[in-house]
Amino acid sequence: MPYVTALSSSIILLLLLALAVPISRLRGKPRIGLGDGGNQALARAIRTHANLSEWGIPVLFLMLVAELNRAPVVMLHVAGIVLVVARLLHAFGLSRSGGASFGRKYGAGLTWLVLVVLALWNIWAFVRLALR
């Protein structure tokens, strides 16, 4: 049972839901049904939500595959914690400014680091099993 990924994915998906709330709120007042209607705050909220979807979910998939391939539990927990912190940093940075920020820089960097570690571990798991 992939319980480590279940925990991390639940936290990430709750964050995804939390990031959807401002989008709904910002669409409601000016009645913007599709797109951002030229509203910068709405555009930033949409982008923040989309970025989590674009990066968080694929990394969770790699985590699930690693867990199913019996990755060390400590590695999975560290990856999950770093991913959650990274996505929180990124969401906070991007929701505050469309420009460069500490949160965006380190959030993206840490996300990429987790992605690379999990991808390399999965490649190693494949090679190790293929050479048996």
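Right above here is the structure, for reference.
Reading the values: rules and limits
- Residues numbered from 1 in each chain as written.
- Predicted model: local features only at pLDDT ≥ 70, side-chain atom pairs only at ≥ 80, totals over all residues.
- Heavy atoms only, no water.
- Helix = DSSP H or I, 4+ residues; strand = E, 2+ residues; numbered from the N terminus.
- Buried < 20%, exposed > 50% of the residue type's maximum accessible area, 1.4 Å probe, protein only.
- Contact = heavy atoms within 4.5 Å.
- Areas by Shrake-Rupley, 256 points an atom, 1.4 Å probe, with all protein chains shown as cover.
- Core = buried A, V, L, I, M, F, W, Y, C linked by side-chain atoms within 4.5 Å.
- Expected span 1.5 Å × (residues − 1).

**Some points on the overall build of the chain**
The helix and strand inventory of the chain stands at 4 helices and 0 strands. By the burial criterion, 35% of the 132 residues in the chain qualify as buried. Taking contacts inside the chain between residues at least 6 apart in sequence as the whole, the part at least 24 apart equals 66%. Of the roughly 7900 Å² of accessible surface on the chain, 72% is carried by carbon and sulfur atoms.

**Details of the environment of T48**
As for its position among the elements, T48 is in helix α2 (residues 40–68). We classify T48 as buried; its relative accessible area is 4%. Between the C-alpha atoms of T48 and L64, which are 16 residues apart in sequence, the distance is 24 Å. Setting aside residues no more than four positions away along its own chain, T48 makes contact with L19, A91, L94 and S95.

**A short note on the nonpolar core**
Judged by nonpolar contacts, the single largest core of 22 residues is most densely connected at L76 and L118. Elements represented by at least two residues in this core include exactly α1 (3–28), α2, α3 (73–96) and α4 (102–130). Excluding anything up to four places from it in sequence, L76 contacts V4, M63, A66, E67, A71 and L118. With 5 residues, the next largest nonpolar core counts L26, I32, L42 and A45 among its residues.

**A closer look at the environment of A108**
Along the polypeptide, A108 turns up in helix α4. Through-space distance from the C-alpha of A108 to that of H90 is 6.4 Å; in sequence the pair is 18 residues apart.

**Observations regarding α4**
With 29 residues, α4 should reach 42 Å at 1.5 Å per residue; the first-to-last C-alpha distance of 42 Å fits that figure. Regarding α4, the residues found buried are G103, G107, A108, T111, V114, L118, W121, N122 and A125. Its buried side turned inward, α4 meets α2 and α3.

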